[in-house]
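What follows is the residue order along each chain.
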Amino acid sequence: MELFALPIVGKMNPLNYVAQGSYVELWQYLFRTILHGFWARTIAALSLVFAFWFGVYRRRVGLGITFFIICLIMAYGSGIFRALFYLK
Amino acid sequence: MLDSPKNDVFIGTQSAPGAPKGLVDAISEIQQYYVVERTGSTIPEDFFTLGGKLAFFEVGFKGGFLCGLVSALMTPIFIGVVEEHIPIFGSSEPSFYDNIFAFLIAVSFTLGYTSFYATLGRYYLGELAKAAVKNLVAGLVAGAILKFVIVFIAYHFMYFIVFDPVTFGKWLLKFECRLLPVTRLDKIYQFFGDFRHVFLTSAYFMAFTTILTIAIPIIGITLGAKRMLAQINQEEKWKAKGKEETSGVTEDD
């Protein structure tokens, strides 16, 4: 428990600097902008292109699969989060 | 490990040559066969043992099956997007771009994986390399067909048995607890009640992805082999022309 007495650990808690409401709002804003609309479409399309570029053309399969997973998160991440809150 | 007469110890891999463990190994071996046969050494087809043939078939089979499982997972999501059950990019009313993108995601793994096989056309030269490529592709085709049969039955099983309204309702009620009250279970029931139709469409869409899995490598290899053969013929023509010119110069002298 000594570790938690360290001042640096206390400073890592974001709620020491911002109110809980604005912290939640920040994350909601990030999800709204990244996983929705233009940015989601752009990042997903780029990820799919990179997945083919690295996975097939450059034959770096690991990197290709990583970009494919990013593409999946961008496309369907919002739906997954919505389903979690829908079931709440 | 092998001990030489001088007591030197050689550390090598345990697997015998001609027994690839994965697709990358198999392609590397085919490249080696191609290089050996292209440089003029003729290797009889019997050099490629039964074990080697089976190993190449196994790599192709596993690949075809794995590739099919990924597309089997992606296909209901794609159909779900088109039929507006699953949101994409945060929207439950997908645009034309969204539908195309969902389709691309569903087939991209198949396209990417089979593109590896399609590149083998340039190595389709000589008895040994040809036998290796044929066994690899035969394995892929067998794996893809088996996957299609299993997935087709599984999707129909999901539609008729698992998500049958009466059976699914009874089964879902067994999970009722504090974390999953009836209101939440009702939402799940309604979602899968609408979503179950997606499995039937997906079963027939899987036929399309299976055809892609089989067609892309075969077309790629056929075209690649033709291009390679034309290149070799051209090189031979140039060589013959060069020889004629040099012999003409020496006769003039």
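Predicted model only: the values in this text are computed from it and were never measured.

1. Concerning the overall build of chain A
The helix and strand tally for chain A stands at five helices and zero strands. For chain A, the sequential pattern of α-helices and β-strands runs α-α-α-α-α. Considering chain A as a whole, with its 88 residues, one finds that 19% of them fall into the buried category. A fraction of 37% describes how many contacts in chain A between residues 6 or more apart in sequence connect residues 24 or more apart.

2. Considering the interface of chain B and chain A
Tallying the contact residues gives 15 residues for chain B and 21 residues for chain A. No other element matches helix 3 (residues 96–118) of chain B, which puts seven residues into the side of chain B that touches chain A. Per-class residue counts for the side of chain B that touches chain A are nine nonpolar, four polar and two charged.

3. Here we look at helix 1 (residues 23–38) of chain B
Residue and element names in this part refer to chain B. The terminal C-alpha atoms of helix 1 lie 22 Å apart, and with 16 residues this matches the ideal 22 Å at 1.5 Å per residue to within 8%. Among the residues making up helix 1, those that are buried are Ala26, Ile27, Glu29, Ile30, Tyr33 and Tyr34. Down the axis of helix 1, the buried set is contained in an arc of 160 degrees. They therefore lie on one face. Lining the buried residues of helix 1 we find helix 2 (50–82), helix 3 and helix 4 (127–162).

4. Here we look at the nonpolar core
Counting 60 residues, the largest nonpolar core has Cys71 and Ala75 of chain A together with Ile30, Ala129, Ala132 and Val133 of chain B as its most contacted members. Counting residues per element, the ones that place at least two in this core are helix 4 (37–57) and helix 5 (61–86) of chain A together with helix 1, helix 2, helix 3, helix 4 and helix 6 (182–252) of chain B. Of all the elements, helix 4 of chain B adds the most residues to this core, at 13 residues.

5. Some details on the packing of helix 2 of chain B against helix 3 of chain B
All names here are of chain B. In contact at an axis separation of 8 Å, helix 2 and helix 3 are set at 175 degrees when each is read in the N-to-C sense. Accordingly, the angle class assigned to the pair helix 2 and helix 3 is roughly antiparallel. Counting all contacts with helix 2, which are made through Gly63, Cys67, Val70, Ser71, Met74, Thr75, Phe78, Val81 and Val82, the residues of helix 3 involved are Asp98, Asn99, Ala102, Phe103, Ile105, Ala106, Val107, Phe109, Thr110 and Tyr113. Residues of the contact of helix 2 with helix 3, tallied by class, amount to 13 nonpolar, five polar and one charged.

6. Topic: the confidence of the model for chain B
All names here are of chain B. Chain-level statistics for chain B give a pLDDT mean of 84 and a share of 91% at 70 or above. The weakest mean pLDDT in chain B belongs to strand 1 (residues 2–3) at 44; the strongest belongs to helix 4 at 92. Every residue in residues 10–15 is under pLDDT 50, and counting partners more than four places away or in other chains gives five contacts. The complex prediction reports pTM at 0.78, with the ipTM value standing at 0.77.

7. Brief notes about the confidence of the model for chain A
Counting all residues, the mean pLDDT for chain A is 83, and 90% of those residues have values of 70 or more. No element of chain A has a lower mean pLDDT than helix 1 (residues 2–5) of chain A, which averages 57, and none a higher one than helix 4 of chain A, which averages 91.

8. Structural notes on unusual backbone geometry
Its identity as a non-glycine residue notwithstanding, Arg59 of chain A has a phi of 55 degrees, on the positive side. Mapping Arg59 of chain A onto the fold places it in the loop between helix 4 and helix 5. Located in the positive-phi region is Phe89 of chain B, a residue other than glycine, with phi close to 50 degrees.

9. Considering the environment of Phe109 of chain B
All names here are of chain B. With respect to the secondary-structure elements, Phe109 resides in helix 3. Of the residues examined, Phe109 has 23 C-beta atoms within 10 Å and is grouped as buried. Taking the C-alpha atoms as reference, Phe109 lies 6.8 Å from Cys67; in sequence the two are 42 residues apart. Setting aside residues no more than four positions away along its own chain, Phe109 makes contact with Cys67, Val70, Ser71 and Met74.

10. Overview of the packing of helix 4 of chain A against helix 3 of chain B
Running from N to C, helix 4 of chain A and helix 3 of chain B cross one another at 10 degrees; their axes reach a closest spacing of 11 Å. Viewed along their axes, helix 4 of chain A and helix 3 of chain B adopt a mutual orientation that is roughly parallel. Of the residues in helix 3 of chain B, those touching helix 4 of chain A at Arg41, Ala44, Leu48, Phe52, Gly55 and Val56 of chain A are Tyr97, Phe101, Leu104, Ser108, Gly112 and Ser115 of chain B. Within the contact of helix 4 of chain A with helix 3 of chain B, the residues separate by chemical class into seven nonpolar, four polar and one charged.

Rules behind the numbers
- Residues numbered from 1 in each chain as written.
- Chains lettered and ligands numbered in written order.
- Predicted model: local features only at pLDDT ≥ 70, side-chain atom pairs only at ≥ 80, totals over all residues.
- Helix = DSSP H or I, 4+ residues; strand = E, 2+ residues; numbered from the N terminus.
- Buried ≥ 20, exposed ≤ 12 C-beta atoms within 10 Å, placed from the backbone.
- Contact = placed C-beta atoms within 7 Å.
- Nonpolar A, V, L, I, M, F, W, Y, C, P; charged D, E, K, R; others polar.
- Expected span 1.5 Å × (residues − 1).
- Arc of directions from axis to C-beta.
- Core = buried A, V, L, I, M, F, W, Y, C linked by C-beta atoms within 7 Å.
- Axes fitted to C-alpha atoms, helices over the stretch in contact; angles between N-to-C directions.
- Parallel < 35°, antiparallel > 145°, perpendicular 65-115°, else oblique.
- pLDDT = per-residue confidence, 0-100.

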